[in-house]
Amino acid sequence: MENKQRLVCVIMGQNCDKFIGMCLDSVKDANNIIYLDGGSKKEFHSFLRNKISELGINQKFTEIHNKYNQDDKGMNGKQRNFYLKYLNIYYPNDWCLVVDADEVVEDLSKIKEFINNETVIRNGGAWNMKMRHFHNDLGHED
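Residues numbered from 1 in each chain as written. Predicted model: local features only at pLDDT ≥ 70, side-chain atom pairs only at ≥ 80, totals over all residues. Heavy atoms only, no water.

Student: In this structure, what is going on with the pattern of salt bridges? I would like to understand it.
Tutor: Side-chain pairs of opposite charge can arise whenever the charged atoms involved come near each other. Tallied over the entire structure, the rule returns 6 salt bridges. Measuring nitrogen to oxygen at the nearest pair gives 3.1 Å for the salt bridge that ties E118 to K4. Taken together, the positions of E118 in helix α5 (residues 118-123) and K4 in the segment before β1 (7-13) put the pair 114 residues apart, joining distant regions of the chain. Note that K28 and D25 form a salt bridge whose closest N and O atoms lie 2.8 Å from each other. (Salt bridge = Lys/Arg side-chain N within 4 Å of Asp/Glu carboxyl O. Helix = DSSP H or I, 4+ residues; strand = E, 2+ residues; numbered from the N terminus.)

Shown next, in the form of structure tokens:
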């Protein structure tokens, strides 16, 4: 199926070297990938660049920065507003999937198929995807 609709994936994280490789690998087939960094250490950026290169997604990867203040209870909303403003400027007509850096997408092709469904195209809007969360030893999910 030819993709008519474009999918941009926003990944939010900070110093997430344990998981970012799995996350990036799970969304590497998105049309564009944006990493919203909350203030990672210098070493992490080198690590991230290596992962981007390993996965061959350099051309469709963008990193944006907005310092995450752990003491600000409204910071999650501020981060979301930050990337939404960015998307509105650079990707105003594209679909957007947002994940945290420690999350993975099981099958991105299903999402791409979904956004290209004629009913979805006609109705547009926001959609909430079902998620499974694994805890601690990855043997328990909610």
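Past the structure itself, the notes keep going.
Student: Teacher, can you tell me more about a nonpolar patch on the surface here?
Tutor: A cluster of nonpolar side chains, contributed by F19, M22 and V104, occupies part of the molecular surface with about 290 Å² of accessible area. Following the sequence through the fold, M22 ends up in helix α1 (residues 20-27). (Patch = residues over 30% accessible without salt bridge, like charges linked within 9 Å, V, L, I, M, F, W, Y side chains within 5 Å. Areas by Shrake-Rupley, 256 points an atom, 1.4 Å probe, with all protein chains shown as cover.)

Student: When you look at the pairing of strand β4 (residues 95-100) in this model, what are you seeing that I'm missing?
Tutor: For a regular strand, the rule is simple: side chains alternate between the two faces of the sheet. Covered by surrounding structure in β4 are W95, L97 and V99 only, the residues C96, V98 and D100 on the alternate face being uncovered. As paired elements, β1 and β4 share 6 bridges and run parallel to each other. The residue bridging V8 from the neighbouring strand is C96, located in β4. (Buried < 20%, exposed > 50% of the residue type's maximum accessible area, 1.4 Å probe, protein only. Pairing = 2+ DSSP bridges.)

Student: Mind showing me how you'd approach the packing of aromatic side chains here?
Tutor: When we look at a pair of aromatic rings, we describe it by the centre distance and by the angle of the planes. The tally for this structure, following the rule as stated, stands at 4 aromatic pairs. A ring pair is formed by Y35 and F44, whose centres lie 5.9 Å apart and whose planes are at 40°; its orientation type is tilted. Judged by relative accessible area, which is 0%, Y35 ranks as buried. Overall, the relative accessible area of 5% leaves F44 in the buried class. Here the aromatic rings of Y86 and Y90 are separated by 4.6 Å at their centres, their planes lie at 40°, and the arrangement is tilted. Of this pair, Y86 and Y90 both sit in helix α3 (residues 75-90), 4 residues apart, which is roughly one turn of the helix. For Y86, a relative accessible area of 17% translates into the label buried. The class for Y90 is exposed, based on a relative accessible area of 52%. A network of ring pairs unites the aromatic residues Y35, F44 and F47 as a single cluster. (Phe/Tyr/Trp six-rings, centres within 6.5 Å; stacked < 30°, edge-to-face > 60°.)

The values are spatial; any link to function lies outside them.
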